[in-house]
Amino acid sequence: DRYGSLLQKRVIVGKSYQHWRTLAREYEQFSSERDAIVQEIDYLTFVVEEIGHLALKENEEDELIATRSKLQQREKHHRMINEVLAVMAVEKITSHLQQAKKLLLKQSSILAMDYTIDQLEQILSLLSESEQQLLEKLGYAESSSLEAVEDRLFTIRGIARKHQIHANELGSFFNESRERLTQLI
C-alpha cells in the first residue's frame, strides 16, 4: 500500500467501510423494530377484533354467573315439580275419585251421601287446581337458557385465559389494545 501510495485511500476505504457497517447495523435495527411493530399491529388487530366481536358488557362475567345460578336453581325446581307431578299421578287419582263419586251418586238417595259427594268434588277441584299451578310453574321460562349462558361464560373465560388475564379485565384490556393499535397505525 505504501509503495503504491494507497495508504490515504486505504484510510478512506476503512472509514467508508466503518460508516457502511454503522449504517447496516442501524438498518438492521430499524428493520427489526419495524418487524416488531408490524407484528404488534397484527396481534393488536386480532385482539381488538376478537374481543370486540364479543361485545362485552361491564361486569358481564359476574352477571352471567348470577344468571347461571338462577337458571340452575330453576332447573332444580323443574325437576322437583316433575317428580311431584309423577308422584301425584293426577289422572289416576282423578279417575279413581270420579269412579267413587259415580258409585256414591248411584247410592246417594239411600245412604244420604250428599256431603261426601260434595267433599269429593272439592277434592277433585283442588287436585285440578294444584296440578294447574304446578304446570304453570313448570311452564315458566326465562328468555335465556342455561346452555346459552354457560356457552357465553365459557367463551369469555376462554378468551381471557388465552390472553392470560382475568375475565373481568377483558374490557380494559380491549380498550388498551385498541388505543395502542390507534397509536401504531
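Data block above holds the structure.
Residues numbered from 1 in each chain as written. Predicted model: local features only at pLDDT ≥ 70, side-chain atom pairs only at ≥ 80, totals over all residues. Heavy atoms only, no water.

> Before we go on, may I ask you to explain the overall build of the chain in this structure?
Counting its regular elements, the chain contains six helices and zero strands. The linear arrangement of helices and strands in the chain, starting from the amino end, is α-α-α-α-α-α. Within the chain, the fraction of its 185 residues that count as buried is 23%. Considering only residue pairs separated by 6 or more positions, the chain has 80% of its internal contacts joining residues 24 or more positions apart. Per element, the accessible surface of the chain, about 14,200 Å² overall, is 54% carbon and sulfur. If the 24 positive side-chain charges of the chain are averaged to one point and the 30 negative ones to another, these points end up 9 Å apart. (Helix = DSSP H or I, 4+ residues; strand = E, 2+ residues; numbered from the N terminus. Buried < 20%, exposed > 50% of the residue type's maximum accessible area, 1.4 Å probe, protein only. Contact = heavy atoms within 4.5 Å. Areas by Shrake-Rupley, 256 points an atom, 1.4 Å probe, with all protein chains shown as cover. Lys, Arg positive; Asp, Glu negative; His and termini not counted. Charge placed at Lys NZ, Arg CZ, Asp CG, Glu CD.)

> Quick question: what am I supposed to make of the side chain of glutamate 61 here?
Within the element layout of this structure, glutamate 61 appears in helix 2 (residues 60–88). If near-sequence neighbours (up to four positions away) are discounted, glutamate 61 is found in contact with Leu153, Arg157, His166, Ala167 and Asn168.

> Where do I start with a negative patch on the surface in this structure?
A cluster of acidic residues, Glu75, Glu147, Glu150 and Asp151, forms a negative patch at the surface. The element contributing the most residues to the negative patch is helix 5 (residues 146–162), with three residues. Along the chain, glutamate 150 turns up in helix 5. (Patch = residues over 30% accessible without salt bridge, like charges linked within 9 Å, V, L, I, M, F, W, Y side chains within 5 Å. Salt bridge = Lys/Arg side-chain N within 4 Å of Asp/Glu carboxyl O.)

> Hey, could you run me through the nonpolar core in this one?
Where a protein is soluble and globular, its nonpolar side chains tend to be buried together. Core analysis: the biggest nonpolar cluster contains 20 residues, and Ile51, Leu64, Ile156, Ile159, Leu170 and Leu181 have the highest contact counts within it. Mapped by element, the contributors of at least two residues to this core are helix 1 (7–54), helix 2, helix 5 and helix 6 (170–184). Once residues lying within four places of it in the same chain are set aside, the contact partners of leucine 181 are Ile41, Leu44, Thr45 and Val48. Judged by nonpolar contacts, the second largest core, of 11 residues, contains Met88, Leu97, Leu120 and Leu134. (Core = buried A, V, L, I, M, F, W, Y, C linked by side-chain atoms within 4.5 Å.)

> Looking at this structure, how should I read the environment of isoleucine 51?
Inspection of the secondary structure puts isoleucine 51 in helix 1. For the pair isoleucine 51 and arginine 161, spaced 110 residues apart in sequence, the C-alpha to C-alpha distance is 12 Å. Apart from residues lying up to four places away in sequence, isoleucine 51 is in contact with Leu56, Ile159, His163, Leu170, Phe173 and Phe174.

> How should the pattern of salt bridges be read in this particular structure?
Any two side chains of opposite charge can pair, given that their charged atoms come close. The final tally for this structure, using the stated rule, is five salt bridges. Of the charged contacts in the structure, one is a salt bridge between glutamate 50 and lysine 162, with a shortest N-O distance of 2.5 Å. Separated by 112 residues along the polypeptide, glutamate 50 in helix 1 and lysine 162 in helix 5 bring together distant segments of the chain. Judged by relative accessible area, lysine 162 falls into the partly exposed class, the value being 48%.

> Can you help me understand the packing of helix 1 against helix 6 in this one?
Relative placement of two packed helices is described by the angle separating their axes and the distance separating the axes. Here helix 1 crosses helix 6 at 140°, and the two axes come no closer than 9 Å. Relative to helix 6, the element helix 1 is oriented oblique. Like other packed secondary-structure pairs, helix 1 and helix 6 cross with a definite hand, here left-handed. In this structure, helix 1 uses Ile37, Glu40, Ile41, Tyr43, Leu44, Thr45, Val47, Val48, Ile51 and Gly52 to contact helix 6, whose residues at the interface are Leu170, Phe173, Phe174, Ser177, Arg178, Arg180, Leu181 and Leu184. (Axes fitted to C-alpha atoms, helices over the stretch in contact; angles between N-to-C directions. Parallel < 35°, antiparallel > 145°, perpendicular 65-115°, else oblique. Left-handed = near helix turned anticlockwise from the far one by under 90°.)

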